[in-house]
Amino acid sequence: MIAPMNDTLNGFAGYTDRLLLPAWAEIVKITPEAENVTTYALKLLDPDIQQGYSWRPGQFNMLYVPGVGESAISMSTDVESSEGLVIHTIRHVGNVTKAFTHLKKGDVVGLRGPFGTSWPLDAIKGMDVVIACGGIGLPSLRGALYSIIRHRADYGKVVLLYGARTPKDLMYQAEYETWKMADVDVQLSVDRGDDTWDGRIGVMPMFFYHFRIDPRKTAIMSCGPEIMMRFVIYEALARRIPSEHIYVSLERNMKCGQGFCGHCQLGPYFICKDGPVFSFDRLESFINVEEF
Ligand SMILES: Cc1cc2nc3c(=O)[nH]c(=O)nc-3n(C[C@H](O)[C@H](O)[C@H](O)COP(=O)(O)OP(=O)(O)OC[C@H]3O[C@@H](n4cnc5c(N)ncnc54)[C@H](O)[C@@H]3O)c2cc1C
């Protein structure tokens, strides 16, 4: 078992201290999700910190593998369905995220957070909702989706457009039926098919043409590779959805998580603090969707 270097760190009860120093959390469950993607359920070791710990879908933690480093990772479910656990889905791409593959149940990691803004689940009540995501963007939106499902009557039509590179990269496959049963129109696509796949092939934003959108009452929430989100924004604007109803979660290389270090600055914003979730009207001057 990897043990925390200093157990007393968990003694900090203050919120600010917790954002600067990691709280320690035990890995209680590991679920392989798709090729190279794993979900980790974490239990905060300090009961006081666990008691006071809450987050909103779209927010993220800085997860720390002792001796390796920290990475920004979204909570991949919402508070109400998490049963006291903090759940993260991680794609293993580099130093920190690959170090997670060597961890096992019972190991301990550091956690700072929650950080950032969340999906606007209250502001979009009464509207039709299009959740448009690709790749590792789905975990950030999965909590929002569960919150919408729990309060399903508060929303109109709900469409999930989810694209992955190949069928093997599709995450949370066991949950799609539950989502459909909750009256979510689940529309999957892959960039490249295989022998098992008889669904749609092509990049996800192409499939905006397959359903009707009423621009007066539709909100879009999008997370995934930036090029994908640019196309989603483009398709949404082309359908006259107002930019203040288009929400995106931006990904930048983050360090402090609190707007001190400046690593994630975009124009006047620190993505870690003012984002990662923004309505597009705030970003229009900084992200030109017509440039591609
Ligand atoms: C708000 C937010 C939420 C995120 N949520 C998740 C999530 O739920 N699951 C998940 O798997 N990943 C998520 N990420 C991405 C994750 O933070 C990076 O993949 C991770 O930091 C890579 O760290 P590493 O040490 O494994 O890779 P490194 O060894 O640091 O880098 C590997 C490569 O990725 C690049 N890179 C590193 N970090 C980022 C970054 N943040 N954006 C773009 N390129 C980067 C490096 O320049 C390098 O080319 C999120 C990022 C942000 C900002």
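Analysis parameters
Residues numbered from 1 in each chain as written. Predicted model: local features only at pLDDT ≥ 70, side-chain atom pairs only at ≥ 80, totals over all residues. Heavy atoms only, no water. Patch = residues over 30% accessible without salt bridge, like charges linked within 9 Å, V, L, I, M, F, W, Y side chains within 5 Å. Areas by Shrake-Rupley, 256 points an atom, 1.4 Å probe, with all protein chains shown as cover. Salt bridge = Lys/Arg side-chain N within 4 Å of Asp/Glu carboxyl O. Helix = DSSP H or I, 4+ residues; strand = E, 2+ residues; numbered from the N terminus. Buried < 20%, exposed > 50% of the residue type's maximum accessible area, 1.4 Å probe, protein only. Expected span 1.5 Å × (residues − 1). Near = heavy atom within 4 Å. Polar contact = N/O pair within 3.5 Å; in protein donor to acceptor, adjacent residues only side chain to side chain. Pairing = 2+ DSSP bridges. Right-handed = clockwise from strand over helix to strand, strands pointing away.

Chemist: What's the story with a nonpolar patch on the surface in this structure? I'm lost.
Modeler: There is a patch of nonpolar side chains on the surface, built from Leu 20, Leu 21 and Phe 260 and spanning about 310 Å² of accessible area. The topology assignment puts Phe 260 in the loop between β12 (246-249) and β13 (265-266). By relative accessible area, Phe 260 is classed as exposed at 62%.

Chemist: I'm lost on the pattern of salt bridges in this one. Help?
Modeler: For side chains bearing opposite charge, pairing can occur when the charged atoms are close. Within this structure, the stated rule accounts for 15 salt bridges. Put simply, Glu 226 and Arg 230 hold a salt bridge, and the shortest N to O gap is 3.8 Å. Note that Glu 226 and Arg 230 are positioned in helix α6 (residues 226-238) at a spacing of four residues, about one turn of the helix. Arg 230 gets classed as buried once you look at its relative accessible area, which sits at 14%. We note a salt bridge from Glu 226 to Arg 252, for which the minimum N-O separation is 2.8 Å. Of this pair, Glu 226 sits in helix α6 while Arg 252 sits in the loop between β12 and β13, placing them 26 residues apart in sequence.

Chemist: Would you mind going over helix α4 (residues 138-150) with me for this structure?
Modeler: Counted at 1.5 Å a residue, the expected span for α4 with its 13 residues is 18 Å, and the 18 Å between its end C-alpha atoms agrees. Taking burial as the measure, the 13 residues of α4 include 12 buried ones, the bulk of the element.

Chemist: Quick question: what am I supposed to make of the site of the ligand here?
Modeler: Surrounding the ligand, one finds 19 residues, the nearest of these being Ala 72, Thr 89, Arg 91, Val 96 and Thr 97. A distance of 2.7 Å separates an oxygen atom of the ligand from a polar atom in the backbone of Arg 91. Contact distances for the ligand include 3.2 Å between an oxygen atom and a backbone N or O atom of Gly 94. Its free accessible area being 880 Å², the ligand has 71% of it covered by the protein chains. Per-element accounting of the shell around the ligand gives the leading share, four residues, to strand β4 (residues 69-74).

Chemist: Got a minute to help me understand the pairing of strand β9 (residues 184-190) in this structure?
Modeler: Here is the key point about a regular strand: its side chains alternate between the two faces of the sheet. Burial runs high along β9: five of the seven residues are buried. Pairing geometry for strand β8 (residues 158-164) and β9, over seven bridges, is parallel. The residue bridging Gly 163 from the neighbouring strand is Ser 189, located in β9. Tracing the backbone out of β8, into helix α5 (residues 176-181) and back to the parallel element β9 gives a crossover that is right-handed. Pairing of β9 with strand β10 (residues 200-201), which is carried by two bridges, proceeds in the parallel orientation. Paired with Val 190 across the strands is Ile 201, a residue of β10.

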